[in-house]
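# Structure assessment
These are the residues of each chain, in order.
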Amino acid sequence: MSTEAIRLVWVYPDLLSTYGDRGNLLILEQRARRRGLAVEAMGVNYDQALPESGDIYLLGGGEDRPQVLAAERLRADGGLGRAVARGAAVFAVCAGYQLLGNSFYGNGEQYAGLELVDMRSDRGETRAVGELSGEVTPELGVPALTGFENHGGRTHLGPGVRPLATVTHGIGNDGATEGVWSGRMLGTYLHGPALARNPALADLLLSWIVGAALPPLADEWPSKLRGERLAALR
Amino acid sequence: MTADLPLRAKLATTLLKSAAALSRATGRGDGSVIGGRVGLKVEPQLLALLARGRQVALVSGTNGKTTTTRFVAAAMGVLGEVATNSFGANMPTGHTTALAQAPAKAKLAVLEVDEHYLRHVLPQTQPRVVALLNLSRDQMDRAMEVGMMAETWRGVLSGVDTHVVANCDDPMIVWAASAAKSVTWVAAGQRWQEDSFVCPNCGRHLDRQGAGWACPGCELRRPVPQWSLDEAGAVIAPDGRRFEVTLQLPGRVNKANAATALAVAAQFGVDPAHALPRLAQVASIAGRYATVVKDGHTIRLLLAKNPAGWLEALDMVEPGCPVLLAINARDPDGLDTSWLYDVDFSPLHGRRVLVCGDRAYDLCVRLDINEVAFEHVPDFPAALRAAGPGRLEVVANYTAFQDIRAELDRVN
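Model, not experiment: these values are computed from the prediction.

Here is what the cut-offs are and how they apply
In this convention, every chain numbers its residues from 1, walking through the sequence in written order. In the order they appear in the text, chains get letters beginning with A and ligands get numbers beginning with 1. A pLDDT threshold of at least 70 governs which residues receive local features in this predicted model, and a stricter bar of 80 or more applies before side-chain atom pairs are shown or counted, although totals over entire chains, interfaces and linings include all residues. Side-chain measures here rest on the full set of heavy atoms in the structure, leaving out hydrogens and waters. Think of it this way: any DSSP run of H or I at least four residues long counts as a helix, any run of E at least two long counts as a strand, and we number them from the N terminus. Our radius of gyration looks at C-alpha atoms and nothing else; its globule reference is 2.2 Å times the residue count to the power 0.38. We call two residues in contact when some of their heavy atoms are within 4.5 Å. Computed by Shrake-Rupley with a 1.4 Å probe, the accessible areas treat only the displayed protein chains as cover when residues are assessed. We count Lys and Arg on the positive side and Asp and Glu on the negative side, and we leave His and both chain ends out. Every charge is mapped onto a representative atom, which is NZ of Lys, CZ of Arg, CG of Asp or CD of Glu. Whether a residue is buried, partly exposed or exposed follows from its accessible area with a 1.4 Å probe, protein chains only, as a fraction of its type maximum: under 20%, in between, or over 50%, in that order. Two parts placed together each lose some accessible area; with a 1.4 Å probe, that loss summed over both constitutes the buried area. Think of a salt bridge as a Lys or Arg side-chain nitrogen and an Asp or Glu carboxyl oxygen that are within 4 Å of each other. N or O atoms within 3.5 Å of each other form a polar contact, as long as, within protein, one can give a hydrogen and the other can take it, and as long as residues adjacent in sequence are counted only when both atoms are side-chain atoms. At least two DSSP bridges between two strands are required for those strands to pair. In summary, the pairing rule links any two rings of Phe, Tyr or Trp, Trp by its six-membered ring, whose centres are within 6.5 Å, and it sorts them by plane angle into stacked for under 30 degrees, edge-to-face for over 60 and tilted for everything else. Start and end positions for the domains come from either an automated domain assignment or a database one. Lines are fitted to the C-alpha atoms to define the axes, a helix being fitted only along its stretch in contact, and any angle between axes, read from their N-to-C directions, falls within 0 to 180 degrees. In these notes, a set of buried Ala, Val, Leu, Ile, Met, Phe, Trp, Tyr and Cys residues joined through side-chain atoms within 4.5 Å is what counts as a nonpolar core. By convention a crossover is right-handed if, when the strands point away from the viewer, the path from the first strand over the helix to the second runs clockwise.

Another aspect to go through is the overall build of chain A. The helix and strand tally for chain A stands at 7 helices and 13 strands. A globule of 234 residues ought to have a C-alpha radius of gyration of about 17 Å, and chain A, at 16 Å, matches this closely. Projected onto the principal axes, the alpha-carbon positions of chain A cover approximately 45 × 45 × 30 Å. For chain A, restricting intrachain contacts to residue pairs at least 6 apart in sequence, the fraction spanning at least 24 positions comes to 68%. Counting every atom, chain A has about 8,700 Å² of accessible surface; 49% of that belongs to carbon and sulfur. Averaged over its 22 positive side-chain charges, chain A has a centre that lies 4 Å from the centre of its 27 negative ones.

Pasting the structure below:
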């Protein structure tokens, strides 16, 4: 394990932080610290250059206008793509998740995404609001997915692109799959925040950076929360 | 009041009152909603008809509207009897009931308006003044996004004769209010800034320095306030007079609400010196800020419904006393608990913290991440047993607050 600190970069908290998105950053930070790993967290506003030396980049949710602005700035900056090519991990939620793809809809128009994953997003006929559960794609070795979704978009994965999970309750991408897994990138529609409800995903991201599985934590409260939320859907 | 109403409106008013009375008698609530629903069914224009011949003030915003409405109603009481929706029923059904049940001689009306309904209620009631307090994230699983709300308000306010009293510290409010013909600016503060980093007009990052803010890309900037609070929490009026504000309600945010109320009442000719003693009488509002003494416990109730509200509430809790936090996620609360991560609970470090509510586990995970020590308890009675005799501060979101209020004989 490297003695260097794990660098967490929260991308544009001034644009992409609709509801509790800071939570995912705080959870990654705490779960690293509790393993004795050094960690540095920073937020980068959209009028700043995105540092390319980060280890895990977080993109949160946002309204249409900020999402469109974030897409423009991230495309012009180019730093996220270079970081990913270097081996950085990405955890993207909701509007931030849609940005990873080839295109998305905002304010009724189609916009270009960051083209980091072969997928595209458009508008669904209904808004997907409520609890979601799913079975995580088996290779990731993570227990059932749980969270709260609230989005008007639908996401279509390109051929050969793996979802994060198959949906057992809720809508997700299209009623069948939810989120995306591509290399060291994870995308999801889920709030909760997602890593509070799925700490194993936080550990997965950290393990990609340290290059080894992490020792388990006690996790009394996250386990109780997961149990309660998953049971509520049965 | 009913004397000069058309026949159908008179009938609607009578039916409204009966429905409300029946609802109260059967213990279903205060009857505001059902009464208004019946009245508006019979006469869809009932709210507009009841508002005619009255001088109306509306109060809207994400936080503080119930308290500010109470303050405005208290201040306007200087002029005579005031009709108001004091039960917090802040949709058109509640407004209609409030006006239908008010005596004919109540020629003044002060109505709290849900943010989403301002666009309907403003044209219906033709208010003389509308007060706009703040806009921030609240129940995002069904509420309008903050920027969209501000835009809707802009549309409603452009071209109307209503005078606006607005918070110059909230860029969203300033953008919305500046569409109006005439505005009085109040420096009511904005501790929660996370929904107004970006200019609502042009999308640039706002520059902020102390209380000041300005957009580098367009004309939007903080207007010079006519009403403000000084360091000591005294209100400075437009004519330069300084008024000490003594309230029973805690927190600087309530002094700011008082300043807004004084600015609204001043539009009707009320002098702050006459209004202030009446504001000092307000002790609690539908249980909010109420202190209850029960079986050796002294329990104070604080309601906090969204991140901005929690920021204020955590600032109000008495130093040293144990605190009970109660969280639900039922329909009126919003179903998504993610907002817990928009609240920094670290002001609670070193205190005794108890946690209950339907969604206590969400809060337990949040507090654990925040490294705030806590004890999970099954319900309010268990919290009282755990806390032991003495003071207990309770901070709860909407339905959790109502549950606890029910355990305390629906304290007002």
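Structure shown, so let's carry the discussion forward.
A tally of regular secondary structure across chain B gives 14 helices and 17 strands. At 21 Å, chain B has a C-alpha radius of gyration in line with the 22 Å of a compact globule built from 412 residues. Along the three orthogonal principal directions, the C-alpha set of chain B runs to about 60 × 60 × 40 Å. Within chain B, the proportion of its 412 residues that are buried is 60%. Pairs at least 24 residues apart make up 66% of the contacts formed inside chain B by residues separated by at least 6 positions. Counting every atom, chain B has about 15,900 Å² of accessible surface; 50% of that belongs to carbon and sulfur. Charged side chains of chain B number 42 positive and 42 negative; the gap between the two group centres comes to 8 Å.

The subject of this paragraph is the interface of chain A and chain B. Each partner contributes to the interface: chain A provides 36 residues, whereas chain B provides 35 residues. Sorting the residues of chain A by area buried against chain B places Tyr19(A), Glu63(A) and Trp221(A) first, and these three jointly supply 24% of that buried surface. Put simply, chain A and chain B have 5 salt bridges between them. When the shortest N-O distance is used, the salt bridge between Asp368(B) and Arg34(A) registers 3.0 Å. The tally of links from chain A across to chain B stands at 12 residue pairs in polar contact (both at pLDDT 80 or more). Looking at the side of chain A that touches chain B, the elements that each hand over two or more residues are helix H1 (22–33), helix H2 (64–77), strand E7 (119–136), strand E8 (145–157), helix H5 (194–197) and helix H7 (220–232) of chain A.

Next up on the list: the sheet that holds strand E10 (residues 235–236) of chain B. Backbone hydrogen bonds hold the strands of a sheet together, and the pairing may be parallel or antiparallel. All names here are of chain B. The 3 strands lie next to each other as E9-E10-E11, forming an open sheet whose pairing is antiparallel. Of all the strands in the sheet, just strand E9 (228–229) and strand E11 (242–243) have a single pairing partner and so form its edges. Taken together, the 2 bridges between E9 and E10 define a ladder with antiparallel strand orientation. Pairing of Ser228 across the sheet is with Ile236, part of E10.

Inspection of every chain in the model, using the stated rule, returns 7 aromatic pairs over all chains. Arranged with centres 5.1 Å apart and planes meeting at 85°, the rings of Tyr97(A) and Tyr189(A) form a pair that is edge-to-face. On the criterion of sequence distance, the pair formed by Tyr97(A) in helix H4 (residues 95–99) and Tyr189(A) in the loop between strand E12 (185–188) and strand E13 (190–191) is long-range, its members being 92 residues apart. An identical accessibility class is assigned to Tyr97(A) and Tyr189(A); each is buried. Ring geometry for Trp221(A) and Tyr361(B): centres 6.1 Å apart, planes at 50°, overall tilted. Taken together, the positions of Trp221(A) in helix H7 and Tyr361(B) in helix H12 (residues 360–369) put the pair across two chains. Take Trp221(A) and Tyr361(B): they sit in the same class, and that class is buried. Through a chain of ring-to-ring contacts, the aromatic side chains of Trp221(A), Tyr361(B) and Phe374(B) assemble into a single cluster.

The next thing to look at is the domain arrangement of chain B. Reports of interface size often rely on the accessible area that becomes lost once the parts have come together. Residues and elements named next belong to chain B. Here the domain parsing of chain B yields domain 1 (44–279) and domain 2 (291–407). One C-alpha centre belongs to domain 1, the other to domain 2; they are set 28 Å apart. Opposite the 14 residues of domain 1 that make contact, domain 2 presents 18 residues. Regarding the contact of domain 1 and domain 2, the summed buried area is about 1,400 Å², with carbon and sulfur atoms giving 51% of it. Here domain 1 and domain 2 share 3 salt bridges between them. Between Asp315 and Arg191 there is a salt bridge, with its nearest N and O atoms 3.4 Å apart.

All names here are of chain A. Along the chain, Arg31 falls in helix H1. Within the structure, the side chain of Arg31 is placed 2.8 Å from the side chain of Asp203, a separation counted as a polar contact. In this structure the side chain of Arg31 is engaged in a polar contact, spanning 2.8 Å, whose partner is the side chain of Asp219. Setting aside residues no more than four positions away along its own chain, Arg31 makes contact with Pro199, Ala202, Asp203, Leu206, Leu217 and Asp219.

This next bit is on the sheet that holds strand E12 (residues 291–294) of chain B. Residues and elements named next belong to chain B. The strand order across the open sheet built from 6 strands is E12-E13-E17-E14-E15-E16, with neighbouring strands paired in mixed fashion. Two strands lie at the open edges of the sheet, namely E12 and strand E16 (375–376), each paired on one side alone. One ladder, built from 4 bridges, connects strand E14 (residues 323–326) with strand E15 (residues 353–356); its direction is parallel. Counted as the bridge partner of Leu324 is Leu354 from E15. In this fold helix H13 (residues 380–387) packs onto strand E13 (297–303), E14, E15 and strand E17 (390–396), with an angle of close to 165° to the strand it touches most, E15.

Turning next to the nonpolar core. The nonpolar side chains of soluble globular proteins are, as a tendency, buried together. Ranked by size, the top nonpolar core spans 144 residues in total, and within it Leu186(A), Trp310(B), Leu325(B) and Phe345(B) carry the most contacts. Of the residues forming this core, the biggest block, 8 residues, is contributed by helix H9 (residues 252–267) of chain B. Built from parts of two domains, this core gets at least three residues from each of domain 1 (44–279) and domain 2 (291–407) of chain B. Those residues in contact with Leu325(B) that sit more than four places away from it in its chain are Trp310(B), Phe345(B), Leu348(B), Val353(B), Leu354(B), Val355(B), Cys356(B), Leu363(B), Leu367(B) and Val395(B). Ranked by size, the runner-up nonpolar core spans 51 residues in total, among them Met172(B), Trp175(B), Cys199(B) and Leu220(B).

Residue and element names in this part refer to chain B. Where burial is concerned, the two faces of E15 agree: the one with Val353 and Val355 and the one with Leu354 and Cys356 are both buried. Direction of pairing for E15 relative to E16: parallel, over a ladder of 2 bridges. Looking at the pairing, Val355 lines up with His376 of E16. This β-α-β element, E15 to H12 to E16, shows right-handed connectivity.

A few words now on unusual backbone geometry. The amide bond that connects Gly192(A) to the next residue, Pro193(A), takes the cis arrangement and shows omega of -15°. Its location among the elements puts Pro193(A) in the loop between E13 and H5. For Asp409(B), which is not glycine, the phi torsion reads 55° and is therefore positive. Residue position: Asp409(B) is located in the segment after helix H14 (398–407). What makes Asp409(B) exposed here is its relative accessible area of 71%. Positive phi outside glycine occurs at Arg410(B), with the angle close to 50°. Among the secondary structure elements, Arg410(B) is positioned in the segment after H14. Classification of Arg410(B) as partly exposed rests on a relative accessible area of 43%.

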